[in-house]
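# Structural overview for review
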Amino acid sequence: MFKTAIITVSDKGAAGLRKDESGPVIKEIIEKEAAEFCRVDKMLILPDEPEELKHVLVKMSDSDGMDLILTTGGTGLSPRDTTPEATMQIADRIVPGIAEYMRAKSMEITPNAMLSRGVAVVRKNTLIINLPGSPKAAKENLEAILPALRHGLEILTGQSNECGRDGA
């Protein structure tokens, strides 16, 4: 089972001024559609503070042994939306295909998807993916990448070293 953390990045959510809806939607999808390979171990809400987010991402990756970290929020064009920058600053490698695919699938639904700046990266053996802050968009994006997520985590964590052997 891959240890998963969900981080909602929201000033209003962290201050208790807005109910977190995206984090629970992501958890529900993991529990319903990825329960055979992922379990949600941690959920938290942080303000849009890049230094705090970087600290938490590093701790969850390096010390807590999370295999997958899904962030939601902070990926738009607002001056406070700095989740992608914070994520990139702690990354060892980028995984551009994940973010590219999420945006492409989302643009089939709305042209506003091109404004999303989320990234996907690897830090050590942890895959970190920025999802949008909207519950609807977070759901659509996560469901789009789920078919490849298990295989990617298996390769990243060394549980598999075979790519394409099953004809995929």
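Residues numbered from 1 in each chain as written. Predicted model: local features only at pLDDT ≥ 70, side-chain atom pairs only at ≥ 80, totals over all residues. Heavy atoms only, no water.

### A word on a nonpolar patch on the surface
What counts, and what does not: Patch criteria: residues need more than 30% relative accessible area and no salt bridge. Like-charged residues are merged within 9 Å; nonpolar side chains of Val, Leu, Ile, Met, Phe, Trp and Tyr are merged within 5 Å. All accessibility values rest on the Shrake-Rupley procedure with a 1.4 Å probe; residue burial counts only the protein chains present in the view. The working definition used for a salt bridge is a side-chain nitrogen of Lys or Arg within 4 Å of a carboxyl oxygen of Asp or Glu. Only DSSP runs of H or I with at least four residues qualify as helices, and only runs of E with at least two residues qualify as strands; both kinds are numbered from the N terminus onward.
A grouping of Leu77, Met107, Met114 and Leu115 is seen on the molecular surface, where their side chains present a nonpolar patch of about 410 Å² in accessible area. Inspection of the secondary structure assignment puts Met107 in helix α5 (residues 96-107).

### What about α5?
Heads up, the rule is: Expected span of a helix, by definition, is 1.5 Å for each gap between consecutive residues, and there is one gap fewer than residues. Burial classes follow relative accessibility: with a 1.4 Å probe on protein chains only, a residue under 20% of its type's maximum area counts as buried, one over 50% as exposed, and anything between as partly exposed. As used here, the arc belongs to the directions running from the helix axis to the C-beta atoms.
Here α5 is 12 residues long and its end C-alpha atoms lie 17 Å apart, about the 16 Å a rise of 1.5 Å per residue gives. Every buried residue of α5 is listed here: Ile98, Ala99, Met102 and Ser106. In a view along the axis of α5, the buried residues occupy a sector of 95 degrees, so they form one face of it.

### Section: the nonpolar core
Going by this rule: For the purposes of this section, nonpolar cores are sets of buried Ala, Val, Leu, Ile, Met, Phe, Trp, Tyr and Cys residues that join through side-chain atoms within 4.5 Å.
Counting 24 residues, the largest nonpolar core has Leu127, Ile129 and Leu142 as the members making the most contacts within it. Residue contributions to this core peak at seven residues, all from helix α6 (residues 135-156). Residues Ala5, Leu57, Met66 and Ile128 belong to the second largest nonpolar core, which totals 15 residues.

### Some thoughts on the layout of surface pockets
Condition: A pocket, in this scheme, is an open set of points on a 1 Å grid over the protein atoms alone with protein on both sides within 12 Å along at least 5 of 7 lines, while a cavity is a set where a 1.4 Å probe fits but cannot get out; residues line either one if an atom lies within 4 Å of a point. Grid points are joined across faces, edges and corners, and a volume is the space filled by probe spheres set on the points. Note on residue categories: nonpolar means Ala, Val, Leu, Ile, Met, Phe, Trp, Tyr, Cys or Pro, charged means Asp, Glu, Lys or Arg, and polar means any other residue, Gly included.
Each pocket or cavity is described by its volume, and for the largest pocket that value is around 420 Å³. Taken together, 26 residues line the largest pocket, and the ones lying closest to its centre are Val9, Ser10, Arg18, Gly73 and Gly133. Listing elements by their share of the lining of the largest pocket, those giving two or more residues are β1 (2-9), α1 (11-14) and α6. In the lining of the largest pocket, the residues fall into five nonpolar, 13 polar and eight charged.

### Observations regarding helix α2 (residues 22-33)
An α-helix turns once per 3.6 residues; consequently, residues spaced three or four apart project the same way. Note the cut-off: Contacts: residue pairs with any heavy atoms within 4.5 Å of one another.
In this model, α2 (12 residues) spans 16 Å end to end at C-alpha, consistent with the 16 Å of a helix rising 1.5 Å per residue. Elements in contact with the buried residues of α2: β1, β2 (38-46), β3 (68-72), β6 (126-131) and α6.

### Let's talk about the pattern of salt bridges
Taken as a whole and judged by the stated rule, the model has 14 salt bridges. Taking the shortest distance from any N to any O, the salt bridge between Glu28 and Lys32 comes out at 3.0 Å. Here the residue Glu28 and the residue Lys32 both occupy positions in helix α2, the gap between them amounting to four residues, near one helical turn. A relative accessible area of 42% places Glu28 in the partly exposed class. Between Glu140 and Lys136 there is a salt bridge, and its shortest N-O distance comes to 2.6 Å. Taken together, the residues span about one helical turn, with Glu140 and Lys136 both in helix α6 at a distance of four residues. Given a relative accessible area of 24%, Glu140 falls into the partly exposed group. Each of Asp11, Glu49 and Arg80 takes part in a single network of salt bridges with overlapping partners.

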